[in-house]
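# Structure at a glance
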Amino acid sequence: MILQNILQNAWLIPFLPFLTFALIGLFMHRWPKLSAALSIAMIAVSFVLSVMVALVVFGNAEGVVYETATRWLSMPGLRVDMGLLIDPLTAVMLLVVTLVALLVQIYSLGYMHGDPGLASYYAYQSIFAGSMLGLVVANNFGQIFVFWELVGLCSYLLIGFWFGRNSAKEAAKKAFITNRVGDFGFLLGILFLQVIFGTLNFSELAAAIPAYANSGILIGISILLFFGPVGKSAQFPLHVWLPDAMEGPTPVSALIHAATMVAAGVYLIARAMFIFNTSAPTMTLIATIGGFTALFAASIALVQNDIKRILAYSTLSQLGYMVMAMGIGAMTAGMFHLMTHAFFKSLLFLGAGSVIHALHDEQDIWKMGNLSKKMPVTTWTFVIGALALSGIPPLSGFWSKDEILLGAFAGGHIGLYILGTLVAFMTAFYMFRLIFVAFFGKNTAGEHAHESPAVMTVPLIILAVISVLAGFVGSPLMNNAFAHYVTFAGAVHHEANLTVMAVSAVIALAGIYLAYLVYQKQVIDHAALKIRFRGLYNLLYHKYYIDECYAWLIKHFIDGSAKILEWFDLYVINGAVNAIAAVTGRSGYALRYTENGQVQSYALYMFAGIVVLLVSALCAVFSALA
Amino acid sequence: MIGLAHYLIFASLLFGIGMFGVLSKRNAIAVLMSVELMLNAVNINFVAIEKFVTPGTGLGHTIALFVIVVAAAEVAVGLALIISIYRHKKSVNLNDFNLLKW
């Protein structure tokens, strides 16, 4: 009874943040403190509800599946429902999103203290949380797309939150437009599904899809659908927006651009896995794009100097990991990594935010240094996050990363396994490069830093604890409990392989040790390395010149075609409209001379008209008679 | 014997004369009088058709009476307008009344 009640009322989880947004936007924007309190209280209620939902779902040995829907839009040939689909996958996402959103909102009290836009900041945070939760509980593609666009909008609003800064404005536009490219393909894919299968509902589609397995049309549709995650989860070649998105407030980066929204793409792949895994070429494409992005972004992160950008490239790299896991059929491992990554990466971002806050908006790691003395809580929680990210046992990142590597290794994707291990090494190296330079470096710029207030450090501590513990739910130590619930048709589970575990742990430790040698002991002179490998360094430092390539392409091709279209608009479309107006005007000018003011001439026209009408009527009558 | 056709032909002639007057006369008073001729031609039609087509219903008579009343009112308004214009223009020639043009 109570079980059904909780699931039936789960719609409140996305609804409450939306309500908060409306209340703040309409009535409460004059009282920022009250807005913040309401927003935090509502997301806390959503979190409690999510915990209850999770208890119900995981309380059952097989996991509960509950689905309900109400009609939102209906017309011939198209029906879009707003539904609620609660299964173990949803329950995990609900927990992750509400927990991280709650902690980030509390943290923002400290980070955004005194900002004049505090009320709108919390309004945006609320609508983001609502949209993300709405996306997670969706039971059909139409609903997913609606909320998918809403989270994109929130991302735009929050990246450009400090719109007085030109760079923030540009970054917001870049994020929005880049996502548009991906969403275009995604929408096309959804429309094709509607046209071919006549439904957008997941379970109805899942029943209809297998008949089309590996058909050309399904391969096309699944590749189009994959465009969405490529944009939203910032996979190569649409990754360019995510590093720039760091212009937003740091808590926003933690919530949206590390833990939740960018993971929506991975979630979508998991949710629509029944489509993807019936198409072998698409799976190969997904795995390749994911693996490439992981390596590509990790290599850029090696040489960046901005603390948030290092973390942003790390996020890209980890998202690539998750997408790769999806592509090689290790969906459970991918979702597991999504969960653990959400915790430790938001921890890292919030830690970075704490540092930036203490140093008055300084983001260059070389201008930090020796922060460990002044900011012990931030430092040690950050180190925990970095250890988890690097995959040091027994922290959460180790278990999830190990699952992915195991999936690649046991699934026979040896190339991707080696690539993944290499990325793990690079990850450990760049994270500890950051830590040794920023927190333990000899630079004294951090002398005046002070530890952040409790409202910021407590969320850090909570996230640190979760980052340590979250991995155990999916580890062999707890019988792979995570994999027991979050399963996918066609997914295979591999037995734990000690060799894979040992290799990944050793490789991560090696990365940390190398970073220690270079940046702490300075046995190897990093400045000399930079000069020695100047070409490579510049290539990485400039992010493989991808932005420059895009700028060049846009300048030469898009602007060129825009000029042609402008000409067409100016002379053909405008010309046609102006011609119609000119003809009307000229004929009016000519005809006005019939208006001579003489009553009798008007009367004559009238009689003439009547005569014409009479004659034509008579003709009609006679011809009908004849 | 005088039949319906005679009345209709007579009414048509009267109507034609009235129309000719409306279109050709330059004097506004004469135009008003011509309009009266046209109205009366219509009245003859009404009464004649009632007599020959629907005898005893009284419909034609009734409408003819209405037309006479309306014509009286129309003449009153028309003459008032003409007097008003005459005070401005010192003329009742329709050719001089050409204010409402391009």
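Please read all numbers here as calculations on a predicted model, not as lab measurements.

So, how was this worked out
- Each chain has its residues counted from 1, following the order in which its sequence is written.
- Throughout, the order in which chains and ligands are written sets their labels, letters from A for the former and numbers from 1 for the latter.
- Local features in this predicted model are restricted to residues of pLDDT 70 or higher, and side-chain atom pairs are both shown and tallied only at a pLDDT of 80 or more, whereas totals for entire chains, interfaces and linings draw on every residue.
- Where side-chain values are given, they derive from all heavy atoms of the structure, hydrogens and water being excluded.
- Strands here are runs of E lasting at least two residues and helices are runs of H or I lasting at least four, both read from the DSSP assignment and numbered beginning at the N terminus.
- Relative accessibility thresholds used throughout: buried, under 20% of the residue-type maximum; exposed, over 50%; partly exposed, between the two (1.4 Å probe, protein chains only).
- Contacts are residue-level and defined by heavy atoms, with any inter-residue pair within 4.5 Å sufficient.
- To measure how exposed things are, a 1.4 Å probe is used in the Shrake-Rupley method; for residues, cover is taken only from the protein chains shown.
- The charge count includes Lys and Arg as positive and Asp and Glu as negative, but it does not include His or the ends of the chains.
- Charge coordinates come from a single atom per side chain, which is NZ of Lys, CZ of Arg, CG of Asp or CD of Glu.
- Each salt bridge in this description consists of a side-chain nitrogen of Lys or Arg and a carboxyl oxygen of Asp or Glu lying within 4 Å of one another.
- As used in this structure description, the phrase polar contact means that two N or O atoms lie within 3.5 Å; if the pair is within protein, one of them must be able to donate a hydrogen and the other to accept it, and residues adjacent in sequence are counted only when both atoms belong to side chains.
- Throughout this entry, Asp, Glu, Lys and Arg are counted as charged residues, while Ala, Val, Leu, Ile, Met, Phe, Trp, Tyr, Cys and Pro are counted as nonpolar. The remaining residues, Gly among them, count as polar.
- Nine residue types can take part in a nonpolar core, namely buried Ala, Val, Leu, Ile, Met, Phe, Trp, Tyr and Cys, and a core is a set of them joined through side-chain atoms within 4.5 Å.
- Here the aromatic set is Phe, Tyr and Trp, taking the six-membered ring for Trp, and pairing holds for ring centres within 6.5 Å; pairs whose planes are under 30 degrees apart are stacked, those over 60 apart are edge-to-face, and all others are tilted.
- Throughout this description, the term charge over a ring refers to an Arg CZ or Lys NZ atom that lies within 6 Å of the ring centre and within 35 degrees of the ring normal.
- Here the expected span of a helix is defined as 1.5 Å times the quantity of residues minus one.
- Exposure above 30% relative accessible area and the absence of a salt bridge qualify a residue for a patch, where like charges join within 9 Å and nonpolar side chains (Val, Leu, Ile, Met, Phe, Trp, Tyr) within 5 Å.
- Whenever a helix is involved, its axis is fitted only over the stretch in contact; in every case the axis is a line through C-alpha atoms, and angles between N-to-C directions fall within 0 to 180 degrees.
- Relative orientations are named as follows: roughly parallel for angles under 35 degrees, roughly antiparallel for angles over 145 degrees, roughly perpendicular for angles from 65 to 115 degrees, and oblique for any other angle.
- The hand of a helix crossing depends on one turn: near helix anticlockwise from the far one by less than a right angle means left-handed, and clockwise means right-handed.
- Pairing between strands is defined by DSSP: at least two bridges between the two strands are required.

## Digging into the overall build of chain A
Counting its regular elements, chain A contains 27 helices and 2 strands. Relative to its 626 residues, chain A shows a buried fraction of 54%. Restricting to contacts in chain A with at least 6 residues of sequence separation, those with at least 24 account for 79%. For chain A, the exposed surface amounts to about 26,000 Å²; the carbon and sulfur share of it is 71%. Each charge sign in chain A was given a centre, from 29 positive and 27 negative side chains, and these centres are 8 Å apart.

## Topic: the overall build of chain B
Counting secondary structure elements, chain B contains 3 helices and 0 strands. The order of helices and strands in chain B, counted from the N terminus, is α-α-α. Principal axes of the C-alpha set define a box for chain B whose edges measure 50 × 25 × 25 Å. By the burial criterion, 24% of the 102 residues in chain B qualify as buried. Sequence separation of at least 24 residues holds for 58% of the intrachain contacts in chain B that already meet a minimum separation of 6.

## Quick look at the interface of chain B and chain A
At the interface, 16 residues of chain B touch 11 residues of chain A. The tally of links from chain B across to chain A stands at 0 salt bridges. Between the two partners, chain B and chain A, sit 4 residue pairs in polar contact (both at pLDDT 80 or more). Among the elements of the structure, helix 1 (4-24) and helix 2 (28-52) of chain B are those that each provide at least two residues to the side of chain B that touches chain A. No other element matches the 5 residues that helix 1 of chain B contributes to the side of chain B that touches chain A. Taken together, the residues of the side of chain B that touches chain A sort by class into 9 nonpolar, 4 polar and 3 charged.

## Notes on the environment of B:Ala76
When you line up the elements, B:Ala76 lands in helix 3 (residues 59-89). A C-alpha to C-alpha distance of 17 Å links B:Ala76 and B:Arg87, two positions 11 residues apart in sequence.

## As for the nonpolar core
Counting residues in hydrophobic clusters, the biggest one holds 200 residues, and the most contacted among them are A:Phe141, A:Met335, A:Met431 and A:Leu434. At 17 residues, helix 16 (residues 331-358) of chain A tops the list of elements feeding residues into this core. If we skip the residues at most four places from it in the chain, A:Phe141 touches A:Phe186, A:Ile190, A:Leu193, A:Leu200, A:Phe202, A:Leu205, A:Leu225, A:Leu268, A:Ala272 and A:Ile275. Formed by 9 residues, the second largest nonpolar core is a distinct cluster that contains A:Phe607, B:Val22, B:Val31 and B:Ile82.

## Side note on the packing of aromatic side chains
All names here are of chain A. Applying the stated criterion across every chain yields a total of 31 aromatic pairs over all chains. Aromatic pair Phe429 and Tyr519: ring centres 6.0 Å apart, planes at 55 degrees, arrangement tilted. In this pair, Phe429 sits in helix 20 (residues 414-438) while Tyr519 sits in helix 23 (residues 498-521), placing the two residues 90 residues apart along the sequence. Taken together, Trp380, Phe432, Phe436, Phe440, Tyr513 and Tyr516 form an aromatic cluster joined through their ring pairs. In this structure, Lys401 packs its charged tip against the face of Tyr321, placed 5.6 Å from the ring centre.

## Observations regarding the side chain of A:Ser390
Residue and element names in this part refer to chain A. Within the element layout of this structure, Ser390 appears in helix 18 (residues 376-390). By relative accessible area, Ser390 is classed as buried at 1%. Of note is the side chain of Ser390, whose polar atom sits 2.7 Å from the backbone oxygen of Ala386. Apart from residues lying up to four places away in sequence, Ser390 is in contact with Lys401, Ala428, Met431, Phe432 and Ala508.

## Section: helix 2 of chain B
All names here are of chain B. Compared with an ideal rise of 1.5 Å per residue, which puts 25 residues at 36 Å, helix 2 spans 37 Å between its outermost C-alpha atoms and is within 8% of the ideal. The set of residues buried in helix 2 consists of Ala28, Ala30, Val31, Leu32, Ser34, Met38, Ala41, Asn43, Ala48 and Glu50. The opening residue of helix 2 is Asn27, an N-cap whose side-chain oxygen sits 2.8 Å from the backbone nitrogen of Ile29.

## Examining a nonpolar patch on the surface
A cluster of nonpolar residues, A:Val523, A:Ile524, A:Leu529, A:Phe533, A:Leu536, A:Leu539 and A:Tyr545, forms a patch on the protein surface that exposes about 590 Å² of accessible area. Relative to the helices and strands, A:Leu536 is located in helix 25 (residues 534-541).

## Let's talk about the packing of helix 18 of chain A against helix 21 (residues 454-469) of chain A
What describes two packed helices is the angle between their axes and the distance between those same axes. Residues and elements named next belong to chain A. Relative orientation of the contacting elements helix 18 and helix 21 amounts to 30 degrees, with a least axis distance of 9 Å. Judged by the inter-axis angle, helix 18 sits roughly parallel to helix 21. Of the two possible hands of crossing, helix 18 and helix 21 adopt the one that is left-handed. Along its contact with helix 18, which presents Val377, Thr378, Thr381, Ile384 and Ala388, the element helix 21 presents Thr457, Leu460, Ile461, Ala464, Ser467 and Val468. Looking at the contact of helix 18 with helix 21, its residues break down into 7 nonpolar, 4 polar and no charged.

## As for the pairing of strand 2 (residues 78-86) of chain A
A regular strand places its side chains so that they alternate between the two faces of the sheet. Residues and elements named next belong to chain A. Across the 9 residues of strand 2, 7 count as buried, placing the element largely inside the fold. Across 9 bridges, strand 1 (residues 66-75) lies against strand 2 in antiparallel orientation. Bridge assignment links Thr68 to a residue of strand 2, and that residue is Leu84. Between strand 1 and strand 2, which follow one another and run antiparallel, lie 2 residues, and Gly77 among them has a positive phi close to 85 degrees.

## Some remarks on the pattern of salt bridges
Residue and element names in this part refer to chain A. Summed over all chains, the structure comprises 10 salt bridges over all chains. One salt bridge in this structure joins Asp87 and Arg271, with 2.9 Å as the shortest N-O distance. Taken together, the residues Asp87 in the loop between strand 2 and helix 4 (88-111) and Arg271 in helix 12 (residues 261-271) connect sequence positions 184 residues apart. Assigned by exposure class, Asp87 and Arg271 land together as buried. Its salt-bridge partner being Arg180, residue Glu149 comes within 2.7 Å of it at the nearest N-O pair. Linking Glu149 in helix 6 (residues 141-159) with Arg180 in helix 7 (residues 166-197), this pair joins segments that are 31 residues apart in sequence. What makes Arg180 partly exposed here is its relative accessible area of 35%. Taken together, the shared-partner salt bridges connect Lys174, Asp244, Arg309, Lys543 and Asp547 into one network.

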